[in-house]
Amino acid sequence: MIQKENIDKTRLPKHIAIIMDGNGRWAKKRGNQRVFGHKNGVKAVRDTVEGAAELGLKYLTLYAFSTENWKRPRTEIDALMSLLVATIHKETKTLMDNDVRLLAIGDLETLPKNVATQLSKTIELTSQNKGLSLVLALSYSSRWEIIQAVKAIALKIEQGEIQAKNIDKCIFEQYLNTQNFPDPELLIRTSGEYRLSNFLLWQIAYTELYFTNTLWPDFRREHLFEAILDYQCRERRFGQTSEQMSESINVNS
Ligand code: IPE
Ligand code: IPE
Ligand code: MG
């Protein structure tokens, strides 16, 4: 297993996003109900968040529940929502101890009232923390986010507050849920699935993608460190050539 010491602290990604997948399969492999996998997924969340905080990451966004996940069986949705309330409540102390600020993106109005209440409580309580910003994507999907941005911009145009010809990337991004966060440099998906499942489609235009077969409940900080190390071996060219990239490194160093 790759050690934390091998990571170049001067070239850490500011923002890592994770699609936490594979809870159901993890439970099934053990002859258990899917919910057992979700419960064990919480351990992975705790360890990953602590690892990220310890490393000094600025933003960690976790895809916890998608718009499409509302189509799951009612019993699974209810169990997930109860687990969410209990976990946020229980982990508030860990967040405080690790100087972590909790935030959330998504269509939060669609969450059950007890989830929304617990979420706002912990968001408020941790709002002054200065370490890692932990962003939970809840009832989130990228197409929902983009459409609500378009609607909000259209309204501003109707009200004469924005001129259509002035809309650019910067203005558009102010209407996304992620308006205050940098784009993720690295996106991790667990469980051997190679798709994005409607997650941060706008924001990951130039993100490095990392897929691992590890099922989410087995994921630990060492897996996060391994992904970061893999990221650090890549050359991000942003449309330029490799030669141009090394020239700019030479000029800046
Ligand atoms: C991810 O695990 C957790 C959520 C989507 C809430 P899954 O529940 O999707 O697990 P698999 O993919 O069925 O194994
Ligand atoms: C994506 O996982 C959503 C979350 C991790 C919350 P899913 O398991 O729901 O994705 P699909 O439907 O298999 O693509
Ligand atoms: Mg899944």
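Conventions adopted
- Residues numbered from 1 in each chain as written.
- Chains lettered and ligands numbered in written order.
- Predicted model: local features only at pLDDT ≥ 70, side-chain atom pairs only at ≥ 80, totals over all residues.
- Heavy atoms only, no water.
- Pairing = 2+ DSSP bridges.
- Helix = DSSP H or I, 4+ residues; strand = E, 2+ residues; numbered from the N terminus.
- Axes fitted to C-alpha atoms, helices over the stretch in contact; angles between N-to-C directions.
- Contact = heavy atoms within 4.5 Å.
- Near = heavy atom within 4 Å.
- Polar contact = N/O pair within 3.5 Å; in protein donor to acceptor, adjacent residues only side chain to side chain.
- Areas by Shrake-Rupley, 256 points an atom, 1.4 Å probe, with all protein chains shown as cover.
- Phe/Tyr/Trp six-rings, centres within 6.5 Å; stacked < 30°, edge-to-face > 60°.
- Buried < 20%, exposed > 50% of the residue type's maximum accessible area, 1.4 Å probe, protein only.
- Lys NZ or Arg CZ within 6 Å of the ring centre and 35° of its normal.

Here we look at the sheet that holds strand β2 (residues 59-66)
Part 1: The six strands are arranged β3-β4-β2-β1-β5-β6 in an open sheet whose pairing can be described as parallel. Two strands lie at the open edges of the sheet, namely β3 (101-105) and β6 (208-211), each paired on one side alone. Averaged over all neighbouring strand pairs, the angle between strand axes comes to 20°, with direction disregarded.
Part 2: As paired strands, strand β1 (residues 15-19) and strand β5 (residues 186-189) are joined by four bridges and run parallel to one another. From the neighbouring strand, Ile 19 faces β5, where its bridge partner is Arg 189.
Part 3: Seen against the sheet, helix α4 (residues 113-125) touches β3 and β4 (133-140) and runs at an angle of roughly 140° to β3.

Focus: the site of ligand 2
Part 1: Lining the immediate environment of ligand 2, one finds Ile 19, Met 20, Asp 21, Tyr 63, Ala 64, Phe 65, Ser 66, Asn 69, Arg 72, Arg 189, Arg 195 and Ser 197.
Part 2: The side chain of Asp 21 places a nitrogen or oxygen atom 3.1 Å from an oxygen atom of ligand 2.
Part 3: Interatomic distance of 2.7 Å between a side-chain N/O atom of Arg 195 and an oxygen atom of ligand 2.
Part 4: A total of 390 Å² of accessible area belongs to ligand 2 in isolation, and the protein chains cover 78% of it.

Some words on the packing of aromatic side chains
Part 1: With the rule as written, the count across this model stands at 10 aromatic pairs.
Part 2: On the basis of an interplanar angle of 45° and a centroid distance of 4.6 Å, the ring pair of Phe 172 and Trp 202 is categorised as tilted. Here Phe 172, found in helix α6 (residues 169-173), pairs with Trp 202, found in the loop between β5 and β6; they are 30 residues apart in sequence, far enough to count as distant.
Part 3: Given the relative accessible area of 31%, Trp 202 is considered partly exposed.
Part 4: Their ring planes at 50° and their centres at 5.1 Å tell us that Tyr 206 and Phe 238 sit as a pair that is tilted. Of this pair, Tyr 206 sits in the loop between β5 and β6 while Phe 238 is found in the loop between α7 (221-232) and α8 (242-252), placing the two residues 32 residues apart along the sequence.
Part 5: Given a relative accessible area of 49%, Tyr 206 falls into the partly exposed group.
Part 6: Residue Phe 238 is classed as partly exposed on the basis of its relative accessible area of 43%.
Part 7: Put simply, the rings of Tyr 63, Tyr 140 and Phe 199 pair up and form one aromatic cluster.
Part 8: Just above the ring of Trp 26 sits the side chain of Arg 30; from NZ or CZ to the centre is 3.8 Å.

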